[in-house]
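Structural characterization, general
The chain contents come next:
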Amino acid sequence: MSGAKSVAPENRTVIGLTFGNSNSSIAYTVDDKAEVIANEDGDRQIPTILSYVDGDEYYGQQAKAFLIRNPNNTVAYFRDFLGKDFEHIDPTHNHASAHPKDVDGAVSFTIKDKAEEDAEPSTVSVSEVATRYLRRLVGSASDYLGKKVTSAVITVPTNFNDKQKAALLAAANAADLEVLQLISEPVAAALAYDARPEAQVEDKIVVVAELGGTRSDVAVIASRQGMYTVLATAHDYEFNGVALDKILMDHFAKEFLKRNPSAKDPRENARGLAKLKFEAEATKRALSIGANASFSVESLSDGIDFASTINRLRYETLSRTVFEGINRLVESVIKKAGLDVLDVDEVILSGGTAHTPRIASNFSNIFPQTTRILAPSTNPYAINPSELGARGAALQASLIQDYEADDIDQSTHAAVTTVAHTSNAIGVVSLNAAGEEIFVPVVPAETAVPAKRTVHVAAPKDGGDVLVKFVEGNTHIKVTKPEPKPKEDKTAKVEDAADSDEESDFSDDDEEEEEKREKVWKIGNTLAEAAIRNVKKGGKVEVTVQVNADLSVILTTREVGAQGGVRGQLNA
Ligand code: ATP
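Cut-off values and rules
Per-chain numbering applies: the sequence of each chain, read as written, is numbered from 1 onward. Owing to the predicted nature of the model, reporting of local features is limited to residues with pLDDT of at least 70; listing and counting of side-chain atom pairs is limited to 80 or more, with chain, interface and lining totals taken over all residues. All residues are tested the same way: a C-beta atom is placed from the backbone, and lying within 6 Å of a molecule or strand makes the residue near it. Elements are defined by DSSP. Helices are runs of H or I of four residues or more, strands are runs of E of two residues or more, and each kind is numbered from the N terminus. Charged means Asp, Glu, Lys or Arg here, nonpolar means Ala, Val, Leu, Ile, Met, Phe, Trp, Tyr, Cys or Pro, and polar covers whatever is left, Gly included. Two strands are said to pair when DSSP picks up at least two bridges between them. To get an axis, fit a line to the C-alpha atoms, keeping to the stretch in contact for a helix; angles then go from 0 to 180 degrees between the N-to-C directions. Residues are scored as being in contact if the C-beta atoms we place from backbone atoms lie within 7 Å. Joined through C-beta atoms within 7 Å, a set of buried Ala, Val, Leu, Ile, Met, Phe, Trp, Tyr and Cys residues constitutes a nonpolar core. Here the C-beta atoms are placed from the backbone, and a residue counts as buried if at least 20 other C-beta atoms lie within 10 Å of its own, exposed if 12 or fewer do, and partly exposed otherwise. All the domain ranges listed were derived from an automatic or database domain assignment.

An unreviewed UniProt entry annotates the protein chain as Podospora anserina S mat+ genomic DNA chromosome 1, supercontig 4 originating from Podospora anserina.

A closer look at the site of the ligand
Near the ligand there are 22 residues, and of these G20, N21, G212, G241 and G352 occur at the shortest range. At the level of secondary structure, the elements contributing two or more residues to the shell around the ligand comprise α5 (241–259) and α6 (270–289). In terms of residue count, the dominant contributor to the shell around the ligand is α6 (four residues). For the shell around the ligand, the residue count by class is one nonpolar, 17 polar and four charged.

Things to note about the sheet that holds strand β19 (residues 372–374)
Spatially, five strands are ordered β15-β14-β13-β18-β19 in an open sheet, and the strand pairing comes out mixed. Bordering the open sheet on either side are β15 (227–236) and β19, each of which pairs with just one other strand. Sheet twist, expressed as the average angle between the axes of neighbouring strands with direction ignored, equals 15°. Two elements, strand β13 (residues 204–211) and strand β18 (residues 346–350), share five bridges in a ladder whose sense is parallel. Considered in β18, the bridge of V207 is made with V347. Relative to β19, helix α9 (residues 357–366) is tilted by about 170°, and along the sheet it contacts β13, β18 and β19.

Description of the sheet that holds strand β5 (residues 49–53)
In space, the three strands of this open sheet follow the order β6-β5-β7, with antiparallel pairing throughout. Both outer strands of the open sheet, β6 (56–59) and β7 (74–76), are each paired with one neighbouring strand and no more. The sheet shows a mean angle of 15° between the axes of neighbouring strands, direction not considered. Pairing of β5 with β7 involves three bridges; the strand directions are antiparallel. For S51, the partnering residue across the bridge sits in β7 and is T74. Across the face of the sheet, helix α1 (residues 61–69) comes into contact with β5, β6 and β7 while running at roughly 65° to β5.

Focus on the nonpolar core
In this structure, I15, I154 and I221 are the most contacted members of the largest nonpolar core, which totals 122 residues. Broken down by element, the residue count for this core peaks at eight residues, all from helix α2 (residues 126–145). Sequence-distant contacts of I221, defined by excluding residues within four places in its chain, comprise P186, V187, A190, V206, V208, Y228, T229, V230 and L231. Ranked by size, the runner-up nonpolar core spans 23 residues in total, among them F439, A445, V471 and V541.

Description of unusual backbone geometry
The backbone phi angle of D32 is positive, close to 65°, even though this residue is not glycine. By the element assignment, D32 lies in the loop between β2 (23–30) and β3 (33–37). Exposure remark for D32: the 10 C-beta atoms within 10 Å place this residue in the exposed category. A positive phi angle, near 45°, is found at S299, a position not held by glycine. Within the fold, S299 resides in strand β16 (residues 292–301).

Focus on α9
Side chains that are three or four residues apart share a direction in an α-helix, a result of its 3.6 residues per turn. Of all the residues in α9, the buried ones are R358, I359, A360, N362 and F363. If you follow the buried residues of α9, they end up packed against β13, α7 (312–318), α8 (320–336), β18 and β19.

Observations regarding the environment of K284
Along the polypeptide, K284 turns up in helix α6. With 40 residues separating them in the primary sequence, K284 and L244 have C-alpha atoms 7.7 Å apart. Apart from residues no more than four positions distant in its own chain, K284 is found in contact with L244, D245 and L248.

Quick notes on the domain arrangement of the protein chain
Split by domain assignment, the protein chain resolves into domain 1 (9–185 + 389–415), domain 2 (200–236 + 327–381), domain 3 (241–318) and domain 4 (425–474 + 522–570). Between the C-alpha centres of domain 1 and domain 4 the distance comes to 51 Å.

Looking at the environment of G392
For G392, the position within the fold is in helix α10 (residues 388–400). According to the C-beta neighbour criterion, G392 is buried, with 31 such atoms within 10 Å. Distance from G392 to Y133, taken between C-alpha atoms, is 21 Å for residues 259 residues apart in sequence. Leaving out residues up to four positions away in the same chain, G392 has contacts with G16, A188, A189, L191 and A192.

What follows is the structure in C-alpha cells.
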C-alpha cells in the first residue's frame, strides 16, 4: 500500500465496512463484540446510492427514494465499476438511474450536483462517486461514535482484482479514510461467526453463500485452527435479489393490466417502473418474515392506484428459477473444490437475499442433516445475514488496529487465498473394534501450513511393542442404494400440481427413499513406519505430525512420559 494514507496506531478510531453495489454497512467493536450501527436515518443497511437535488447531496435511503422523482441525478449500483475500464462494465442495473459514461475509457456519470439553476451538469468519475459516498459513511460513523473515524477494514468480493482493490483504496484515502486491510467477504462472514464468545474453534469446511442484490458469490473455505483457506469460489450475476424484485414487478404489473385493461403498462415508463421496483422490494422483504405481504402503489399508471397481496408460496413458485440457480451455484463450487456436500460442516448464508426462507430450506435439502445451515429461518442462533460482513470487518479491524500500517500489509497481504495447504490428510492406521484397519486423521486435508498436530494412539492393554504406520488418507463417498420398492401411480398428483398456483411445486416429491451416502476414509500411501518398543502396561503413544511451510513433513512418535522416541522427516 505504498503511498497510501496511514495513521499512527494510537490515533486511530476504527470501523468495519461493507461497501456493496446495493447496500453498505458500518460496524464497530465494543468489548470484543461487533455491533452494526445505524446512520442518522436509523438504517443499518444503507443503500449505496447518492442523489443530488438543488445542490444538496443525499445518500442511503433518502437517495434511494429519489430514484422515483430524480433518477437522472441519482447514482446507484456503482461499486463494481471501480478500477474497471468503461468497456468492461455491465451497466444493466443503471438503466433507471444516472447512466455510466465513457470518459477517455474511464467510467463517469453526468449529474447536476450544483445549486445554481443554470449551472452545467458535472461529470463525476466513479472514483469520485465512491469517495463522496464513503465520506458520508465515515461521517455517519463519526457522528454515531462521537469521534472522528480514521481507519477501516473493508470487505471485497473474492474476485476483486488488484486494480479494483487499488481503486477502492484510493477512493477511501481520498475520503480521508485509512484502509487497514481489505478482507474477502466470505472470510469476514466466517469470522463474524467464529469470533462469538460461545463459538468453538474447530476444524471445519464452510460454504459461505453471499447473496446480494446484483451478485451471488459462493466460497468454500477450510477453517483449520482459526486459519481460513479459500478453496474455491464461484460468482453469478443472474440469480440475485434484483432478479427476485423483477419477478414481483412483472407479477403485479400483469395483475394491474388485467384489472385495468385500457391502462398503459407501468413498466413502459421510467416512473412506473421505479415505483414498481421500490414496492416490489418491500413486498419481497415482507415475505421473508410473513406468509403474506401487501403491494400498494399510488398512481401506478395513468393516475390509477393499485393495491394487491401475495402469499409466500405463490412467490416461491414464481421465483423457482432463481432459487434453483442459487442451488446450482452452491453445488458447482463444492465440486470445484473437489469436495462433496457430505464434507461440508457449515453453510453460512450472508447478504440481504440470504433472508429468504426458501433459499435456506433448499440448502437444508441439498446438505446432509449434520451440516449446520446458518440462516435466520433454519437456525435460531444465526446472525443477521445482512450484518455478517460488517461485523467480521469490525472484528478484524479491532484485532489489527494496534499494528503499524506496514506491518499489517506484510503479515496479511492476500494471505487467505494463497496460503499453502495440504491436499491429503495425514494420519495413522489404527484398528477398530472389529479388528479392521482404519485411518485416524492427524492433520486434516486443506490445512494451512505450517501446522503441527498431536494425537494419542492406543497401545495394547498389557503393553508391548507398538507399530505406528503414518499414511495419507482421503475420503470417498460410499453410496448404499435403497431396497427397490413397488411403484405407485403418481400421474394424478403431477397433473394437480401443474396448474395449481398456490401449490409449492417443488416440495421433495414424495417420501421416495433416497440412497444413503456417507463419507468414508480410505487409507492412502504409506509415508513412514515407526516402532516403539516395550510400551508399559496402560501406556499411551503420542504421535505428532508437523507440516512445514515448504510442505516437508516431520513425524514423531514416543511413549507418553518415556524418554526418547522416533523422529523422521519427509521432503515435499
Ligand atoms: P450486491 O453487491 O450483490 O448488489 P450488496 O452486498 O450491496 O449486494 P445486500 O444488502 O447484501 O447488498 O443485498 C441486497 C439485496 O438483498 C437486495 O436485493 C435486497 O432487496 C435484498 N434483501 C434485503 N433484505 C431482504 C430480506 N429481508 N428478504 C429478502 N431479500 C432481502
